[in-house]
Amino acid sequence: MLSVDTFCKDAAGVAGNIFAFGLFVSPVPTFRRIARNRSTENFSGLPYIYALLNCLVTLWYGTPFVSYDNTMVTSVNSIGAAFQLVYIILFITYADKRKKVRMLGLLIVDVVLFSVIVFGSLEINNFSLRRVVVGFLSCAALISMFASPLFIINLVIRTRSVEFMPFYLSLSTLLMSASFLAYGIFNNDPFVYVPNGAGTVLGIMQLGLYSYYKRTSTEESTEPLIVSFG
């Protein structure tokens, strides 16, 4: 018979996968523009390179070779890795020669680093130690990914504008993080609930700032906005 904890864990994992899909498709408008103009313009491909490595490392942590009963972690990161790989291929297709070479080089670095992590961790015969080593790598990757919006948060505060903080993207981040926070708690896995706890806090901060500065900008919409970046 299915226990309450198992049901709650699976429900949270499914919800996390659904909300993560909103994050994975968020770059689609950017790549529509790139494909339409047949140029990457001033867009950077680095976020997709980093996101791919993050998904691969966390995917590996979720496999039975490293941790117990983390199917939802494996599935969401498998989907995420596939999306990032497609974005990278599209970016390379429409990039100029210099960017193509750089992106191909970075993609090779991703593959090499992931291979080192996989084969290196398999050399650790103690399963618990292997889980801890890969878990810390996965945790660090996730926390650094969730911390990346700190730049946007700083920009919102400085400009007093939410133009660069899409509401639905921030909401998806919060809902996904909160779902996997619950998943990690029900699965008693600190390498899942700790980074997603940090992501939940940052998501709440983003939505709080969005609510505050959206209201402020509406109230002050009739006044000129002068911003100093000195």
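Predicted model, so just to flag it, every value in this text is computed and none were measured.

**Overview of helix H3 (residues 46–62)**
Here comes step 1: Relative to the 24 Å expected for 17 residues at 1.5 Å per residue, H3 spans 24 Å between its end C-alpha atoms, a close match to the ideal helical length.
Here comes step 2: Among the 17 residues that make up H3, 14 are buried, leaving the element largely enclosed by the rest of the structure.

**Here's the deal with the nonpolar core**
Here comes step 1: Trp60, Ile88, Phe180 and Tyr183 are the most contacted members of the largest nonpolar core, which totals 48 residues.
Here comes step 2: With near-sequence residues (within four places) excluded, Trp60 lies in contact with Phe65, Val66, Phe114, Ile117, Val118, Ser121, Leu122 and Val134.

**As for the packing of aromatic side chains**
Here comes step 1: According to the stated counting rule, one finds 11 aromatic pairs in the structure shown.
Here comes step 2: For the pair Trp60 and Phe65, a centre-to-centre distance of 5.7 Å together with 20° between the ring planes defines the contact as stacked.
Here comes step 3: With a relative accessible area of 7%, Trp60 lands in the buried category.
Here comes step 4: Look at Phe136 and Phe191: their rings are 5.3 Å apart centre to centre, the planes differ by 75°, and that puts the pair in the edge-to-face class.

**Topic: a nonpolar patch on the surface**
Here comes step 1: On the surface, a nonpolar cluster with roughly 420 Å² of combined accessible area is contributed by Leu129, Val132, Val133, Phe136 and Leu137.
Here comes step 2: Inspection of the secondary structure assignment puts Val133 in helix H6 (residues 127–147).
Here comes step 3: Residue class for Val133 comes out partly exposed when judged on its relative accessible area of 34%.

**Regarding the environment of Ile89**
Here comes step 1: Examined against the element boundaries, Ile89 turns out to sit in helix H4 (residues 71–94).
Here comes step 2: Remark: the alpha-carbon pair of Ile89 and Leu104, spanning 15 residues in sequence, is separated by 9.2 Å.

**A closer look at unusual backbone geometry**
Here comes step 1: In the Ramachandran plot, Glu41 falls in the positive-phi region, its phi being about 50° despite a non-glycine side chain.
Here comes step 2: Structurally, the position occupied by Glu41 is in the loop between helix H2 (28–37) and H3.
Here comes step 3: The class of Glu41 is partly exposed, set by a relative accessible area of 27%.

Rules of the game
- Residues numbered from 1 in each chain as written.
- Predicted model: local features only at pLDDT ≥ 70, side-chain atom pairs only at ≥ 80, totals over all residues.
- Heavy atoms only, no water.
- Helix = DSSP H or I, 4+ residues; strand = E, 2+ residues; numbered from the N terminus.
- Expected span 1.5 Å × (residues − 1).
- Buried < 20%, exposed > 50% of the residue type's maximum accessible area, 1.4 Å probe, protein only.
- Core = buried A, V, L, I, M, F, W, Y, C linked by side-chain atoms within 4.5 Å.
- Contact = heavy atoms within 4.5 Å.
- Phe/Tyr/Trp six-rings, centres within 6.5 Å; stacked < 30°, edge-to-face > 60°.
- Patch = residues over 30% accessible without salt bridge, like charges linked within 9 Å, V, L, I, M, F, W, Y side chains within 5 Å.
- Areas by Shrake-Rupley, 256 points an atom, 1.4 Å probe, with all protein chains shown as cover.
- Salt bridge = Lys/Arg side-chain N within 4 Å of Asp/Glu carboxyl O.

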